[in-house]
Amino acid sequence: MADGGSTAAAAGTLLGTSRRRRSAAARLGRGAVPYALIAPVVLTIALILGYPLYFLVRLSLQRYGLFELIRHQGVDIGLANYRSVLHDQIFWHTLLRTVVFTAANVGLTMVLGMLIALLLARVSGPVRILLSSGLVLVWSMPVVVAVQVWAWMTSYENGVVNYVLTELHVGDYTQHEWYGSTFSQLSMVTLLIVWGALPFVAITLYAGLAQVPNDLLEAAAVDGAAGWRVFRDITLPILRPILLILTSLSIIWDFGVFTQPYLLIGQSKITPGNFLMSIYLFEDGYFKSDYGRGATISLLMLVIVGVLSVVYVRRMVRIGVET
Amino acid sequence: MRTRTPRLVWDAVGVAVFVVMVFPVFWMISTAFKPNEQIVSLTPTWIPLHPTLQHFRDAIHRPYFWVDVKNSLIIVSVAVALSIALAFLAAIALARFGFAGRKLFIVLVIGIQMLPQAGLIIPLYVVLARYHQVNTLSGVILTYLTFVLPFSVWTLRGFLLGIPKELEEAAMVDGSTRLGVFVKILLPLMGPGLVATSVFAFITTWNEYIFARILLNDQSKQTVTVWLSYFYGTSRHTDWGALMAASTLTAVPVVVFFLLVQRRIAFGLTSGAVRG
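Residues numbered from 1 in each chain as written. Chains lettered and ligands numbered in written order. Predicted model: local features only at pLDDT ≥ 70, side-chain atom pairs only at ≥ 80, totals over all residues.

## Here we look at the overall build of chain A
Phase 1: Scanning chain A from terminus to terminus reveals 15 helices and 2 strands.
Phase 2: On the principal axes, the C-alpha backbone points of chain A span a range of 75 × 70 × 30 Å.
Phase 3: Taking all 323 residues of chain A together, the buried fraction comes to 47%.
Phase 4: Partitioning the intrachain contacts of chain A with sequence separation of at least 6 by distance along the chain shows that 70% fall at a separation of at least 24. (Helix = DSSP H or I, 4+ residues; strand = E, 2+ residues; numbered from the N terminus. Buried ≥ 20, exposed ≤ 12 C-beta atoms within 10 Å, placed from the backbone. Contact = placed C-beta atoms within 7 Å.)

If you want it as structure tokens, here you go:
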């Protein structure tokens, strides 16, 4: 399940792909045993996820507010919710903003993550241990905790960021308000997300660099290839599969991110002007108790993310089927 | 020829990146131990030379801290225990059996983990409200199963694949029953895998925010992350010292557990991704 901070889960997901062995001979049990083994999981998921998802589709075709919630009965209104959402300027603006936001976050995460990975490969042993322990420490920070620390560092009154920027003569940032404009707010959210996502990406890519054969690099150096060309022609193609997986995971997470923007911008400052997709559906659906319309937005969002995750899911499923 | 940048320069850059990345964590801990006059001073104190524990006392004596810690522990332990037990069975099916519908099951397990949580809050809220599970810990536990289960199935499957099947086959030849093989061979060998998966599940559920925020309205029913999120923003003048102390307390169990198992992740991460 996607969340900007749940990299531990994703790491575990990737972890599952390790230590794989050909097990064509594993097909011994033909009977009911495997079905009995998966039955508890399948039933639980069907009950607590399948049923709500079915309900989501029904909700999206109903008027379902607080009154209907208490009555446990919606009023069928056909496609009215869809017409309402698709004719809502806010929906389209939010979608566009979320796409741009996602592109910026994923781009920054991948580029900086790659640079840190390359850096890890060049520093001396002690510095490598220092830097990678630091990365693991950052990786382990809970998202809600990170938000609070960020809010404190960028506080306009005594925020250390304002102090440091002023001292470094970047400009006069005394009592600078970082949450005044939409751009500034979302930039702060981006910094927070990228900071939190970098360790996972950098450490994964660094481990991937170990798979680039040394003799290839040496041969390239002998041929007089420059650093950038070696990277482009040798390192990058070898890292391609990992980059693909990391990029699609980042897109999925950042598109649906909720906790960081919701808490860092703060509910009092959230307006349609700075909505991201999941905040839009939270405010319009849950907060205003318009569950029918909220369901429609959810469904549209799930479809978008579903399309975005095709690459990742297909790749992982192939790994799963082969082992 | 490419110019050789001395290693010393790279080391300096590496230390600089370390400082920038770790600074927020350092600042959280540093603030948590600082007396108030140093916190509100316009010139920051980098390292508190006269640390105080006052903020930690303030944080844990704020209303609902202990109740919400207890709620988090209940939710996390029940959700993790249930998930691991059910997921282990399904993981055995995936790692050791071929069956019709196996691919479909894999698609399910992987696909569910990609669903954005925000997209599920409305239907889960409405359905749970129907069965009077809003504002109850059990409702949150059920919700957490939706994402801990698939993730645990997949991770445990990975660990199972690392155990040679020949061991089980040999035991079967020696006359052990399937159950005997499971209890005597698989379970002990899977110890580390079960622990690692449980720790990951613990971290994910302990950190979870959005479902807990939506499903638990009563302050005495909330989890630690929700408690922490209300810390800021409830008053106009935030008590930063206490907030940073509370943040530190919330992060400590996660950081400790994460450091214990992180090596296992970093290992498996790329080998699978690359060969896949």
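The structure having been displayed, the exposition proceeds.
## Looking at the overall build of chain B
Phase 1: Within chain B, the secondary structure is distributed over 13 helices and 0 strands.
Phase 2: Ordered by position in the sequence, the α and β elements of chain B form the string α-α-α-α-α-α-α-α-α-α-α-α-α.
Phase 3: Relative to the globule expectation of 19 Å for 276 residues, the C-alpha radius of gyration of chain B, 24 Å, shows a markedly less compact shape.
Phase 4: Viewed in the frame of its principal axes, chain B has a C-alpha envelope of about 75 × 70 × 35 Å.
Phase 5: Looking at chain B as a whole, 50% of its 276 residues are labelled buried.
Phase 6: Taking contacts inside chain B between residues at least 6 apart in sequence as the whole, the part at least 24 apart equals 76%. (Rg over C-alpha atoms; globule rule 2.2 N^0.38 Å.)

## Considerations on the packing of helix 2 (residues 33-60) of chain A against helix 6 (residues 121-130) of chain B
Phase 1: Direction vectors running N to C along helix 2 of chain A and helix 6 of chain B enclose 100 degrees, while the axes themselves pass 9 Å from each other. Of the possible angle classes, the one that applies to helix 2 of chain A and helix 6 of chain B is roughly perpendicular. Facing helix 2 of chain A, whose interface residues are Tyr51, Pro52, Leu53, Phe55, Leu56 and Leu59 of chain A, helix 6 of chain B presents Ile122, Pro123, Leu124, Val126 and Val127 of chain B.
Phase 2: For the contact of helix 2 of chain A with helix 6 of chain B, the per-class residue count stands at 11 nonpolar, no polar and no charged. (Axes fitted to C-alpha atoms, helices over the stretch in contact; angles between N-to-C directions. Parallel < 35°, antiparallel > 145°, perpendicular 65-115°, else oblique. Nonpolar A, V, L, I, M, F, W, Y, C, P; charged D, E, K, R; others polar.)

## Description of the confidence of the model for chain A
Residue and element names in this part refer to chain A.
Phase 1: Predicted confidence across chain A gives a mean pLDDT of 88, with 91% of residues reaching 70 or more.
Phase 2: The secondary-structure element of chain A with the lowest mean pLDDT is helix 1 (residues 7-15), recorded at 44, while helix 5 (residues 89-122) shows the highest, at 96.
Phase 3: Here residues 1-29 scores under 50 on pLDDT; set against residues more than four positions off or in separate chains, the count is 96 contacts. (pLDDT = per-residue confidence, 0-100.)

## Brief notes about the interface of chain A and chain B
Phase 1: Listed as interface residues are 109 residues of chain A and, on the opposing side, 106 residues of chain B.
Phase 2: The greatest single-element share of the side of chain A that touches chain B, amounting to 17 residues, is contributed by helix 2 of chain A.
Phase 3: Class assignment for the residues of the side of chain A that touches chain B results in 70 nonpolar, 31 polar and 8 charged.

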